[in-house]
Every structure is written in structure tokens, then in C-alpha cells.
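Architecture at a glance
One-letter residues, chain by chain:
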Amino acid sequence: MAVVWLVSVLRGSSFIIDWHNYGYTIMALSLGPSHPLVLLAKWYEHVFGSLSNNNLCVTEAMRDDLRTNWTIRATTLYDRPASVFRETPLDLQHQLFIRLAHTHPQFQEPGCEAAEPEKTLFTIQNRSDGVVSLRSGRPALLVSSTSWTEDEDFSILLRALQEYEGFIRGGASLPSVLCVITGKGPQKAHYQRTMEALHLDHVKICTPWLQAEDYPLLLGSADLGVCLHMSSSGLDLPMKVVDMFGCCLPVCAVSFQCLPELVKDGENGLIFRDSTELAAQLQSLLSDFPSPEGRLGSFRRNLRSSRGQCWEENWEQKVLPLLGAHTAHT
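Residues numbered from 1 in each chain as written. Predicted model: local features only at pLDDT ≥ 70, side-chain atom pairs only at ≥ 80, totals over all residues. Heavy atoms only, no water.

The name an unreviewed UniProt entry gives the protein chain is Chitobiosyldiphosphodolichol beta-mannosyltransferase, with Austrofundulus limnaeus as the organism. Its UniProt record gives the protein chain the following Catalytic activity (unreviewed entry) comment, quoted word for word: "an N,N'-diacetylchitobiosyl-diphospho-di-trans,poly-cis-dolichol + GDP-alpha-D-mannose = a beta-D-Man-(1->4)-beta-D-GlcNAc-(1->4)-alpha-D-GlcNAc-diphospho-di-trans,poly-cis-dolichol + GDP + H(+)". (UniProt positions renumbered as here; feature names shortened; annotations may be inferred.)

This is how it looks when you write it as C-alpha cells:
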């Protein structure tokens, strides 16, 4: 920020900050809020943030916080999904599942020793005409993505999956679940050891690292997304949910201050506070699976009908006027 401010002064340029979070709050997750480096980072952001000519931020809550506590006026620019995030056609779903089955046997047809080109856990391809269809008795596909850092507590999801397993063992009529958690990060090995210690018959978990082009295909193929992002400041929104909504994928998301700006509880997803609430939501949403007439199908239809601007349109409407105003002024 200091370097950009200095260059803007020397060149007579506009100094615009796009606030997605406060850096000092992220540092505080590992160092603590009273650590000298955290306090220095907060002072640094405050001082140089106040020297900006224009500001963008990702939530109304952050806009209000910047105005009240930092005397910074900002324009809210909600994140929007890139155009690659959309519902995945069945033939592309099948191709994705075939690729994943080669490295992750959880995607293979039950009882098969190796991946088969016509059959996966979720799909079947007709040999005569090549038409792909979904298996009627397929499990539900749950998807979450993470960088495996302190701001996401995946023990919440693992406990919820254990409770879901208990519902089935207790006689509840619910589908089996394959939970796919994508991403890399420092806590991945720790959680993988925890997953390996679980003894689940009706819930399978895998943690692939996907190619960039396969990630939107997976989101567009899933039945339900789960988000465990806990904002360090309480003022930013999880981009993973934005991407899931781009794929018309309903989401269960852990609660924090400004999440309702994105997740409308009971409309496009559900908000939970702990593993017990998440387990109950999984039971409720999957009780009618795979019928499209249940709550899960209703959420998906709401997402289809409420698709807003793409990223480019949003940028042109909110950011270009700021740049144009500076150009006219200079």
C-alpha cells in the first residue's frame, strides 16, 4: 500500500484500494489480536488506506465499517462468478467422474476393481448411442473447497457426517453421501488422518487436488455445497460460495456477521452454527433425494431464476465510473 501510494503521488495517478478483507485480522488468527505485528499491520492499513482516492469493498458491512471506523468512503462491489462457473451437462459430468475414478476409487462403480469408461458411481453411458444418464440409486455428491487454514474448522463437517451416518444406521431413509473436499493447505494432512480414523459405511470422503478446469465442472455436477469459511473480520464473503451459486449449487454455510448478504437462509441455502445444525440440514435437504421437488430442488430453482450480472458486467457498472471520473478530473 505504501509503495502504490508513493507511485501514485509521483505519477499523479489515482490510488484506488479494493478491500476484500483486513490483512491484520488474518494475521491475528495465528498471532493473536494483541501481537505487536498485528497492531503494526492495523496501523499501517489504517494510515495508508486513508490516503486512497477511491475505494471498493465486497460487502455493505465492510463499507459501513470503513466509513465508521476508518473514515473511508467505499463503493460496494460484490464478487461475481466467472463465466466458467455454470451447471455441468451430463456428458461432461460423466467424463469428469471417469477421470476422477482413475485416481480416486470412490468415484468408481461399486464392485469394480478399476475405472470403466461407461460406468461411474453417479452416471451410466449407453454403449449403443452414447447417451449419459444419472444412476437412480446414486449417492448425493457433497462438495466443499478449502485452503486448509485456521479460518475453516472442518471438524464441524466431519462431526456432521458422523451424525448423518447415525441417522441412516438408525433407520432413516436417506441416500449415501460422497463428500469431496478440494484444495491444498497446511492443515490438510491433519484432517486426512482424522478422516481415516472415521468408520463410516454410508459416507465416503475424498480430498482430491483438481486441475483448474475441473473445479467448476465438479461444482456444476454436485448436489450440495458446504462452506466452512469463517471470515477473520466478519466483513468479507466466501468466494467459494459465489462460485457455487454461479453453478446454481445450493449451499449450507457456517454463520458469521455479514453472510446473509450472500446466503439467503431458506431461499438459496441454509446457514448453520454448529455440527448438529449442519447434520440436521443435511438430513432435511437430502430426505427427498434425488427428487427435484424437495427443498434442495427449490433452492436450485431459486438460484437459476436469480442469476445476476456476470463479473464483467458488474465491473463495468461499478468500477469504470470511478476510473472515468478520475480521467475527467485529470
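Next comes the rest of the description.
For the rest of this paragraph, the subject is the overall build of the protein chain. Counting its secondary structure elements, the protein chain contains 13 helices and eleven strands. For the C-alpha atoms alone, the extent of the protein chain along its principal axes is close to 70 × 45 × 35 Å. Counting across all 330 residues of the protein chain, residues that qualify as buried make up 48%. Taking all contacts inside the protein chain whose residues are at least 6 apart in sequence as the whole, residues at least 24 apart take part in 67%. Carbon and sulfur atoms make up 54% of the accessible area of the protein chain, which amounts to about 16200 Å² in all. (Helix = DSSP H or I, 4+ residues; strand = E, 2+ residues; numbered from the N terminus. Buried < 20%, exposed > 50% of the residue type's maximum accessible area, 1.4 Å probe, protein only. Contact = heavy atoms within 4.5 Å. Areas by Shrake-Rupley, 256 points an atom, 1.4 Å probe, with all protein chains shown as cover.)

Once that is clear, we can look at the packing of helix 6 (residues 155-169) against helix 10 (residues 275-286). The packing of two helices is summarised by the inter-axis angle and the distance between the axes. At their nearest, the axes of helix 6 and helix 10 sit 8 Å apart, and the two run at 50° to each other. Classified by the angle their axes make, helix 6 and helix 10 are oblique. In this structure, helix 6 crosses over helix 10, and the sense of that crossing is right-handed. Of the residues in helix 10, those touching helix 6 at Ile156, Leu157, Arg159, Ala160, Leu161, Glu163, Tyr164 and Phe167 are Ser275, Thr276, Leu278, Ala279, Leu282, Gln283 and Leu286. Split into classes, the residues belonging to the contact of helix 6 with helix 10 amount to ten nonpolar, three polar and two charged. (Axes fitted to C-alpha atoms, helices over the stretch in contact; angles between N-to-C directions. Parallel < 35°, antiparallel > 145°, perpendicular 65-115°, else oblique. Left-handed = near helix turned anticlockwise from the far one by under 90°. Nonpolar A, V, L, I, M, F, W, Y, C, P; charged D, E, K, R; others polar.)

Attention now goes to the nonpolar core. With 53 residues, the main nonpolar core has Trp19, Leu66, Phe107 and Leu141 as its most contacted residues. Taken domain by domain, the makeup of this core includes at least three residues from each of domain 1 (1-80 + 310-324) and domain 2 (139-306). Look past the residues within four positions of tryptophan 19 in its chain and what remains in contact with it is Met1, Glu45, Gly49, Asn55, Leu56, Cys57, Val58, Met62, Leu66, Trp70 and Ile72. Listed in part, the 36 residues of the second largest apolar core include Tyr164, Leu282, Leu285 and Leu286. (Core = buried A, V, L, I, M, F, W, Y, C linked by side-chain atoms within 4.5 Å. Domains from an automatic or database assignment.)

Quick look at the sheet that holds strand 3 (residues 75-76) now. With parallel pairing, the three strands of this open sheet are ordered in space as 1-2-3. Of all the strands in the sheet, just strand 1 (16-19) and strand 3 have a single pairing partner and so form its edges. Bridge count for strand 1 against strand 2 (residues 54-57) is four bridges, and the pairing is parallel. Across the sheet, aspartate 18 pairs through a bridge with leucine 56, a residue of strand 2. (Pairing = 2+ DSSP bridges.)

Moving on to the pattern of salt bridges. Tallying each qualifying case throughout the model produces 13 salt bridges. Two residues, arginine 300 and glutamate 87, come together in a salt bridge whose shortest N-O distance is 3.9 Å. Linking arginine 300 in helix 11 (residues 295-305) with glutamate 87 in the loop between strand 3 and helix 5 (90-103), this pair joins segments that are 213 residues apart in sequence. Under the relative-accessibility criterion, glutamate 87 is labelled partly exposed at 32%. Here glutamate 152 ties to lysine 240 by a salt bridge, and the two come within 2.3 Å at their closest N and O atoms. Of this pair, glutamate 152 sits in the loop between strand 6 (140-145) and helix 6 while lysine 240 sits in helix 9 (residues 239-246), placing them 88 residues apart in sequence. Here lysine 240 falls in the buried class, since its relative accessible area comes to 13%. (Salt bridge = Lys/Arg side-chain N within 4 Å of Asp/Glu carboxyl O.)

All right, on to the domain arrangement of the protein chain then. Taken domain by domain, the protein chain comprises domain 1 (1-80 + 310-324) and domain 2 (139-306). Inter-centroid distance (C-alpha atoms) of domain 1 to domain 2 is 30 Å. Each partner contributes residues to the interface: domain 1 has 16 residues there, and domain 2 has twelve residues. Counting the surface lost from both domain 1 and domain 2, the interface buries some 1100 Å², and carbon and sulfur atoms represent 63% of this. Taken together, domain 1 and domain 2 are joined by zero salt bridges. Counting across the interface, domain 1 meets domain 2 through seven residue pairs in polar contact (both at pLDDT 80 or more). If you list the elements that add at least two residues to the side of domain 1 that touches domain 2, you get helix 2 (23-31) and helix 4 (60-70). Across the side of domain 1 that touches domain 2, the residue classes tally to seven nonpolar, five polar and four charged. (Buried area = accessible area lost by both parts, 1.4 Å probe. Polar contact = N/O pair within 3.5 Å; in protein donor to acceptor, adjacent residues only side chain to side chain.)

Turning next to the sheet that holds strand 6. Across the sheet, six strands lie side by side as 8-7-6-9-10-11; this open sheet has parallel pairing. Here the strands that pair on one side only, and so sit at the sheet edges, are strand 8 (203-206) and strand 11 (269-272). Across this sheet, the average inter-strand angle for adjacent strands is 20°, counted without regard to direction. Two elements, strand 6 and strand 9 (residues 224-227), share two bridges in a ladder whose sense is parallel. Bridge pairing in strand 9 places leucine 142 opposite leucine 224. The sheet contacts of helix 10 involve strand 6, strand 7 (177-182), strand 9, strand 10 (251-254) and strand 11, and relative to strand 11 the element is tilted by about 160°.

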